[in-house]
Amino acid sequence: MTDRQRSDRTLAEALAEGTVHEIEVAWADPYGRAQGKRVPAARYQGPAAGRGFAFCDGSLAWNAVGEVQEAALLGDPAGGYPDAYAVPDPATYRPLPWRPGAGQVIADIVDHHGEPARTSPRAVLRRVLDRLAGLGYTARAALELEFYLLRADGSPLQDGLHAYSLELANELDPLLGRFTGELTGFVPVEGVLTEYGPGQVELNLAHQEALTAADDAFRLRYAVKELARRQGLLATFMAKPFNGHSGSSAHIHLSLWRDGTPAFAPEEGRESKAARAAIGGLVRHLPGLTLFGAPTVNSYKRYEPGGFAPVRADWGGDDRRVAVRSLLETPAASRIELRTPAADANPYLALAAALGAVAVGLEDGLEPPDPRDPTAALPATLAEAVTAARADERLAEVLGRDAVHDHAVLAASEWQAYTSQVTGWETDRYLRHA
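Conventions adopted
Residues numbered from 1 in each chain as written. Predicted model: local features only at pLDDT ≥ 70, side-chain atom pairs only at ≥ 80, totals over all residues. Heavy atoms only, no water. Patch = residues over 30% accessible without salt bridge, like charges linked within 9 Å, V, L, I, M, F, W, Y side chains within 5 Å. Areas by Shrake-Rupley, 256 points an atom, 1.4 Å probe, with all protein chains shown as cover. Salt bridge = Lys/Arg side-chain N within 4 Å of Asp/Glu carboxyl O. Helix = DSSP H or I, 4+ residues; strand = E, 2+ residues; numbered from the N terminus. Buried < 20%, exposed > 50% of the residue type's maximum accessible area, 1.4 Å probe, protein only. Expected span 1.5 Å × (residues − 1). Polar contact = N/O pair within 3.5 Å; in protein donor to acceptor, adjacent residues only side chain to side chain. Axes fitted to C-alpha atoms, helices over the stretch in contact; angles between N-to-C directions. Parallel < 35°, antiparallel > 145°, perpendicular 65-115°, else oblique. Left-handed = near helix turned anticlockwise from the far one by under 90°. Contact = heavy atoms within 4.5 Å. Nonpolar A, V, L, I, M, F, W, Y, C, P; charged D, E, K, R; others polar. Pairing = 2+ DSSP bridges.

Taking an unreviewed UniProt entry as the reference, the protein chain is identified by name as Glutamine synthetase family protein belonging to Streptacidiphilus jeojiensis.

And the structure:
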């Protein structure tokens, strides 16, 4: 029995037996935040089997603070903000570990005609996976997500910092114990560790089929924030919440498979032809895909020369200083790690952009550059990333031009809001010196 069949049966059985009284129908907004409806179990099956659950399509075109952008192709006020529909994917059903008798199912978003909403993050990833399937490949991925655990007022929960410290990890109990205990029935957590910031934590997710991996990362962000809230704490996936402390990343590990065989299996001790094309595509299109892994103004505060967040479109072997890390291990474990995405990225879009560049590398027969050659600088600000994303026509053709347009519009609105504000730093620096 496949995982999909098992989940279908689990959901149907839970409804038939009355063991679930509420279902969350969930989907990701443009920033990867959990949106949805809490539906009584008795009211679930009709819409789920039909058109889906209606909601305002303006939520597909709002920025980080919920302001709908008129320049977006979806959510246009001239169109009257029509309904979009959340169609549950029953294979994604999971019981909620923190609310007995409740479960969650992730939905695909469709329009009035039942067609996938072209800028919906999950639809964008599905489009890229279909493109890879046309080339004969399936993709698998796993994400490593970092975040800070803070007091409810946003202040650091700890003073000390030491990556991999079990002593500091123990200080974060009982919450950390919940991440490796009850949470594992909701998302496949492989491990948890402390990172370089005070109260900073990293959670590693299991390697899965790519769409499931993105679902897992989406759910993990939601679950971590909810479990922290229930402990009176605040969990933040903000990329750089504190000056002088480590930023939070969302590293992506990915591999391709053909007919059940790992396409990245080393050949004569070096990268396979498919892996080399994938690396070539990633390095070539890193400037254009940066926006989808770093969607906010704050995302770019994480990129610091000499740090672990890369600032150039480079690659190498087992080297944490580069943007694209090629890990040659056993055939099944050989993979590529993309180290540019920040923790505030929408996991569907970050993974879609990465795999889109991989698809381009395969289609165009690209090769990795010589690691010794000069490399391009990655966008240093959100504005530069918007420009690079809009300029990368090849990547837009794979992701969908409408999707690139709308997400660039949202990012541009964030940049405009940021640059139009007079900050305390400016007044401190210039008020008495101008």
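Taken together, Leu-161, Tyr-196 and Phe-308 make up a surface patch of nonpolar side chains, about 310 Å² in accessible area. The topology assignment puts Tyr-196 in the loop between β8 (189–194) and β9 (200–205). For Tyr-196, a relative accessible area of 40% corresponds to the partly exposed category.

Okay, helix α8 (residues 347–364) next. The first and last C-alpha atoms of α8 sit 26 Å apart over 18 residues, in line with the 26 Å expected at 1.5 Å per residue. Of all the 18 residues making up α8, 16 are buried; the element is thus mostly covered by neighbouring parts of the structure. The N-cap residue of α8 is Asn-346: its side-chain oxygen and the backbone nitrogen of Tyr-348 are 2.9 Å apart.

So, on to unusual backbone geometry. Phi is mostly negative for residues that are not glycine, and the peptide bonds are mostly trans. Put simply, Asp-173 and Pro-174 share a cis peptide bond, and its omega is 10°. Looking at the element boundaries, Pro-174 is found in the loop between α4 (166–171) and α5 (175–179).

In this section: the pattern of salt bridges. It is possible for side chains bearing opposite charge to pair when their charged atoms get close. Counted by the stated rule, this structure contains 26 salt bridges. A salt bridge links Asp-89 to Arg-126; the shortest N-O distance between them is 3.6 Å. Taken together, the positions of Asp-89 in the loop between β4 (83–88) and β5 (94–95) and Arg-126 in helix α3 (residues 121–134) put the pair 37 residues apart, joining distant regions of the chain. A residue is classified by how much of its surface remains accessible, and Asp-89, at 6% relative accessible area, is buried.

Relative orientation of the contacting elements helix α6 (residues 210–230) and α8 amounts to 150°, with a least axis distance of 8 Å. Looking at the two axes, α6 sits roughly antiparallel to α8. Judged by the sense of rotation from one axis to the other, the crossing of α6 with α8 is right-handed. Seen from α6, the contacting residues are Ala-210, Leu-211, Ala-214, Asp-215, Ala-217, Phe-218 and Arg-221; seen from α8, they are Pro-347, Tyr-348, Leu-351 and Leu-355. The class makeup of the residues in the contact of α6 with α8 is nine nonpolar, no polar and two charged.

Helical periodicity: at 3.6 residues per turn, an α-helix aligns residues three or four positions apart in one direction. Taking 1.5 Å per residue, 14 residues should reach 20 Å; α3 reaches 20 Å between its end C-alpha atoms and fits that length. Those residues of α3 lying buried are Pro-121, Arg-122, Ala-123, Val-124, Leu-125, Val-128, Leu-129 and Leu-132.

Once that is clear, we can look at the pairing of strand β16 (residues 335–338). Note: strand β12 (residues 250–258) against β16, three bridges, orientation antiparallel. Within β16, the residue paired with His-253 across the bridge is Glu-337. Across four bridges, strand β15 (residues 324–327) lies against β16 in antiparallel orientation. Considered in β16, the bridge of Leu-327 is made with Arg-335.

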